[in-house]
Amino acid sequence: MAISTAITSLLTSITELIQSLFNGIYSIFHTIFSAFFSLFFGLFAFVGDLFKGVANTLGGVGNFVASNFLIIALISAAGFAYVRYTNQGATTRGQKATSVGRKKVN
């Protein structure tokens, strides 16, 4: 019986060796394909997130520029209205500007 047990144990060891060899090869290929596909789909996720971040940044910059443009336009309009609707720098109605040398005198 010892010989039959030894042969059975030898055959079991050989089948387990072959199984572990195939499991190792499968694990290697599975890991390589998994890494490749993860990299591939991760690249698409990266590009999508990149465009989303760029769009958010441009939207923020656009809001910043628009709000500052509005403030500058309001200040310019107020300055224009001040100069336009006051007599600053203009002659009074009915008077002619007289000049002395190169200077105008009212």
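My aim in this report is to walk through the structure given alongside it, one point at a time. (Residues numbered from 1 in each chain as written. Predicted model: local features only at pLDDT ≥ 70, side-chain atom pairs only at ≥ 80, totals over all residues. Heavy atoms only, no water.)

So, on to the overall build of the protein chain. A count of helices and strands for the protein chain gives 1 helix and 2 strands. When the 106 residues of the protein chain are sorted by exposure, 0% land in the buried category. When the accessible area of the protein chain is evaluated, it comes to approximately 9900 Å², of which 71% is carbon and sulfur surface. (Helix = DSSP H or I, 4+ residues; strand = E, 2+ residues; numbered from the N terminus. Buried < 20%, exposed > 50% of the residue type's maximum accessible area, 1.4 Å probe, protein only. Areas by Shrake-Rupley, 256 points an atom, 1.4 Å probe, with all protein chains shown as cover.)

Another aspect to go through is the packing of aromatic side chains. Within this structure, the stated rule accounts for 5 aromatic pairs. Between F36 and F37, the ring centres sit 5.4 Å apart and the planes meet at 65 degrees, which makes this aromatic pair edge-to-face. Classification of F37 by relative accessible area gives partly exposed; the value is 42%. Between the aromatic rings of F40 and F44, the centroid separation amounts to 5.0 Å while the plane-to-plane angle is 85 degrees, which identifies the pairing as edge-to-face. Taken as a pair, F40 and F44 lie in helix α1 (residues 2-85) at a separation of 4 residues, close to a single helical turn. Put simply, the rings of F36, F37, F40, F41 and F44 pair up and form one aromatic cluster. (Phe/Tyr/Trp six-rings, centres within 6.5 Å; stacked < 30°, edge-to-face > 60°.)

Fair warning: the whole summary comes from geometry, so function is off the table for now.
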